[in-house]
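Listed here are the chains, written in short residue letters.
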Amino acid sequence: MTVLDMRFVPDPILRRQARKIGKVLPRMKKFIDDMIETMHAEMGVGLAANQVGSLQKVAVIQLPDWEEPLILINPEITRQEGEREVEEGCLSIPGYRGMVKRSVSVRARAIGLDGKIIRIKADGLLAQALEHETGHLKGQLYIDHLVTPDSLYKITHTAEDDSEAEDEAEATEANPPDDTGSSPDRPGSSLEDKAK
Ligand SMILES: [Zn+2]
């Protein structure tokens, strides 16, 4: 399997409609396997074909607690109910997250690699992923659904991690380990007692 090259905003392919697949051919399996490999490598919960430079109407989804990915050929949302605000990000828009409007629950239909129809009723993260990935295949991005234009923000992981590390260092200096062993309130004293 191969990790495919990701396409990022403003690559025009992210704004193009995917083409419906007429027949599921055996060679599609290789491409879809590569999409799955790429989604895993990028640590995403979903990936649409135009994010890796193809206009085939295919998406893959794998929620964090799933053992197997869901392969969706020609996926369509057939019903949307309710409205909620959720935080979202996209592998094609690295370094940003935003608050978007999504449905509370959706129904979707697709075909699997075996050519059989898949019907899905979903809420929560799966509903969000289905709306996100079918959106990609229509040339849409989550930034089209922002709650307000300023609901998009930069994420600064490195800076956060650094400051956390500094905080820890300071905390250690402020509370040097007490090795006198005389205080009865000392955490771990009960463990020591048991060990004796
Ligand atoms: Zn995306």
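No experiment lies behind these values; they were computed from the predicted model shown.

What is the right way to read the nonpolar core from this model?
For soluble globular proteins, nonpolar side chains are generally found buried alongside one another. Counting residues in hydrophobic clusters, the biggest one holds 26 residues, and the most contacted among them are Met 35, Ala 59, Val 60 and Leu 72. Sorting the residues of this core by element identifies helix H1 (28-41), strand E1 (46-48), strand E2 (58-61), strand E3 (70-81), strand E6 (105-111) and helix H2 (124-137) as the ones contributing at least two each. Broken down by element, the residue count for this core peaks at 5 residues, all from H2. The contacts of Met 35, once residues within four sequence positions are left out, are Leu 4, Leu 47, Ala 49, Val 52, Val 58 and Val 60.

Sorry if this is basic, but what is going on with the sheet that holds strand E8 (residues 152-154) here?
Sheet strands pair by backbone hydrogen bonding; their relative direction is either parallel or antiparallel. With antiparallel pairing, 3 strands are arranged side by side in an open sheet as E4-E5-E8. Looking at which strands have only one partner, the edges of the open sheet turn out to be strand E4 (84-88) and E8. Neighbour to neighbour, the strand axes of the sheet diverge by 20° on average, direction disregarded. With 3 bridges connecting them, strand E5 (residues 96-102) and E8 associate as antiparallel partners. What sits directly across from Gly 98, in E8, is Leu 152.

Criteria and thresholds
- Residues numbered from 1 in each chain as written.
- Predicted model: local features only at pLDDT ≥ 70, side-chain atom pairs only at ≥ 80, totals over all residues.
- Core = buried A, V, L, I, M, F, W, Y, C linked by C-beta atoms within 7 Å.
- Buried ≥ 20, exposed ≤ 12 C-beta atoms within 10 Å, placed from the backbone.
- Helix = DSSP H or I, 4+ residues; strand = E, 2+ residues; numbered from the N terminus.
- Contact = placed C-beta atoms within 7 Å.
- Pairing = 2+ DSSP bridges.
- Axes fitted to C-alpha atoms, helices over the stretch in contact; angles between N-to-C directions.

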